[in-house]
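One-letter residues, chain by chain:
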Amino acid sequence: MGRMSIPMMGFVVLCLWTVVAEGGSIKYKDRKQPLGVRIKDLLKRMTLEEKIGQMTQIERAVATADVMKQNFIGSVLSGGGSVPAPKATAQVWTNMVDGIQKGALSTRLGIPMIYGIDAVHGHNNVYGATIFPHNVGLGVTRDPELVKRIGAATALEVRATGIPYVFAPCIAVCRNPRWGRCYESYSEDYRIVKSMTEIIPGLQGDLPAKSRKGVPYVGGKTKVAACAKHFVGDGGTKNGVDESNTIISSNDLFDIHMPAYYDSLRKGVSTVMVSYSSWNGRKMHANRDLITGFLKNKLKFRGFVISDWQGLDRITDPPHANYSYSVQAGITAGIDMIMVPENYREFIDTLTSQVKANIIPMSRIDDAVKRILRVKFVMGLFENPMSDPSLANQLGSQEHRDLAREAVRKSLVLLKNGKTPSYPLLPLPKKAPKILVAGTHADNLGYQCGGWTIQWQGVAGNDLTVGTTILSAIKKTVDPSTQVVYQQNPDANFVKSNKFSYAIVVVGEVPYAEMFGDSSNLTITEPGPSTINNVCGAVKCVVVVVSGRPVVMEPHIAKMDALVAAWLPGTEGQGVTDALFGDYGFTGKLARTWFKSVDQLPMNFDDSHNDPLFHFGFGLTTKPVKANY
């Protein structure tokens, strides 16, 4: 037998290596291997550069296939409003996500990246998605099973765009409605917030029997990894100022703000996001006692801990004043994945130099990477890293819109019905000669949806996405013979001279998110108050308030015949008319105390002295009307 040429020998060796590999020597690629074996096998193959890459999450705007490959990036996100194109279809989204994923898979070890997005009330960045009511409305339903179904629907719509990870749910306990994120909170009562963690098995799938507490779980290609946020105390800041200081005892922190995390871990939540806020002056992003000592060690959380957007930068004041210190403080505290999100080389270089200088031990890096890999293995990313085009029809499906409509009607709270109880105004008759619809929020889909919709701060108008405004819903609901007149802000003479049977006035807050929603006065937007005065002074009227929290109503309430809190209902405005016209009864009960004056704040159900306009748990009920004419 003659000697093989050098190139031929190399080819044979390569073939033999492939055979051995396929026989299972690369254990991390073998789905039949135990999870711990796969993690250990992959970790021992990784360089420091590859490990730190896994800990890095970057914004899609800077995430090319080459960037992923050259930096071993472990995760990518869309910030609020960060989209591949205006009004992008599901296919445009999947093409982008898959393109970035191919870059990650082309690295030496082929570790898939995990793409994350804020899907906080449906897949809210995406045109045509179903936008569900914000959490402030869902808390009113006190219906964990409904919220679980919303989680499952959201997971399908997110997966339709090729994305496997959502930064939801927010399980903050908002204790002061001045806070600009109060609508992201289900309630001021931790027990309601705790019950609403049922959205997690909706998003991720039901935990298998005998699962260990704290171990992440994602049940396949139609589910997504969830994220409990923001750890911890974000809803308790002084004066409701976003990202500021929560000044409370450890008893109150653990009794009010922590319980929902216990349930989230019990339900297998995959990730936990750290809060920008501080607890008694100590930044949560640098709080090793709570992140490592309590969450990881005591509660046995085995998923990964992620920072908020530029969360490390904000450890110092002003932000980014001492980035080296911030990186050391945040990583040492126990944060595993860093939402950088743009200047990724600075983060990678800083952390690399600190590990090489023994400032941060390799054991801390290995802990972070193990947790990230665990979530990726559990959710099946190694086996199914690419999008599934068969899910595209889930985006904004009729079934999901019907579910959102159900959620809207169940989240409405009837606060007043008739000038006297014996003469209720609601339900309204569908057949009437002529009715008036007024108010800035009656025909504005963007106002209905609020912040975190298409763009971070939300968008005004009707061109942002697909949905039904309250005005459109009214026109669809009333009898064909009923004349519907719409004027945003009619004067009193117009109202008096037109002989309307009744009026529906829809007013409220304009969209906002985070600190831009912080408010000291909590009033509805002008000309809302003047519209109430002009209309309700001249004709029987129901006022529908579209807002992210209780707002000042006490000066206006005597003028109106009926008052409905609709919160931020989302795209399905017909959920509002379902109850207004009696196809369904009002059932919602306040999950927040409704104050008379902002001077009373903070005021919660468990305060010893409170004198609200409407008590926590208040809500009038009506029965459905079978033939409403």
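About the cut-offs
- Residues numbered from 1 in each chain as written.
- Predicted model: local features only at pLDDT ≥ 70, side-chain atom pairs only at ≥ 80, totals over all residues.
- Heavy atoms only, no water.
- Helix = DSSP H or I, 4+ residues; strand = E, 2+ residues; numbered from the N terminus.
- Buried < 20%, exposed > 50% of the residue type's maximum accessible area, 1.4 Å probe, protein only.
- Lys, Arg positive; Asp, Glu negative; His and termini not counted.
- Salt bridge = Lys/Arg side-chain N within 4 Å of Asp/Glu carboxyl O.
- Contact = heavy atoms within 4.5 Å.
- Axes fitted to C-alpha atoms, helices over the stretch in contact; angles between N-to-C directions.
- Parallel < 35°, antiparallel > 145°, perpendicular 65-115°, else oblique.
- Left-handed = near helix turned anticlockwise from the far one by under 90°.
- Nonpolar A, V, L, I, M, F, W, Y, C, P; charged D, E, K, R; others polar.
- Pairing = 2+ DSSP bridges.
- UniProt positions renumbered as here; feature names shortened; annotations may be inferred.
- Domains from an automatic or database assignment.
- Polar contact = N/O pair within 3.5 Å; in protein donor to acceptor, adjacent residues only side chain to side chain.

Here's the deal with the side chain of Asp313
By secondary structure assignment, the location of Asp313 is in the loop between strand S10 (304-306) and helix H13 (323-333). Of the side chains with opposite charge, Arg314 comes closest to the buried, unpaired Asp313, at an N-O distance of 7.0 Å. Every residue in contact with Asp313, bar those within four places of it in the chain, is listed here: Pro319, His320, Tyr323, Ser326 and Val340.

Let's talk about the packing of helix H2 (residues 35-45) against helix H15 (residues 362-378)
Running from N to C, H2 and H15 cross one another at 130 degrees; their axes reach a closest spacing of 10 Å. The angle between the axes of H2 and H15 places the two elements in the oblique class. As H2 runs across H15, the sense of the crossing is right-handed. Residue-level contacts link Leu35, Arg38, Ile39, Leu42 and Leu43 of H2 to Asp366, Val369, Lys370, Leu373, Arg374, Phe377 and Val378 of H15. Taken together, the residues of the contact of H2 with H15 break down into eight nonpolar, no polar and four charged.

Some details on the sheet that holds S10
Taken in spatial order, the three strands line up as S5-S7-S10 in an open sheet, and their pairing is parallel. Each having just a single partner strand, strand S5 (227-231) and S10 make up the two edges of the open sheet. For this sheet, the mean inter-axis angle between neighbouring strands, taken without regard to orientation, is 25 degrees. Summarising the sheet, strand S7 (residues 271-274) and S10 pair through three bridges and their orientation is parallel. Residue pairing for S10: Val272 is matched across the bridge by Val305. In the packing of helix H11 (residues 259-266) onto the sheet, the strands contacted are S5 and S7, and the crossing angle to S5 comes to about 155 degrees.

A look at the UniProt feature "domain: Glycoside hydrolase family 3 C-terminal" (unreviewed entry) in the chain
Under the UniProt annotation, the feature "domain: Glycoside hydrolase family 3 C-terminal" (unreviewed entry) is placed at residues 412-621. With 17% helix and 15% strand, residues 412-621 has its two end C-alpha atoms placed 10 Å apart.

Comments concerning the domain arrangement of the chain
Many analyses report the size of an interface as the accessible area lost when the parts associate. Partitioning the chain into domains gives domain 1 (46-394) and domain 2 (412-614). Centre-to-centre separation of domain 1 and domain 2, based on C-alpha positions: 34 Å. Counting from both sides, the interface comprises 44 residues of domain 1 and, opposite them, 44 residues of domain 2. Counting the contacts that link domain 1 with domain 2 gives four salt bridges. As a salt-bridge pair, Arg181 and Glu514 come within 3.4 Å of each other at their nearest N and O atoms. The tally of links from domain 1 across to domain 2 stands at 30 residue pairs in polar contact (both at pLDDT 80 or more). Examining the composition of the side of domain 1 that touches domain 2, we find that four residues originate from one element, helix H6 (residues 135-141), more than from any other. Its residues assigned to classes, the side of domain 1 that touches domain 2 comprises 18 nonpolar, 14 polar and twelve charged.

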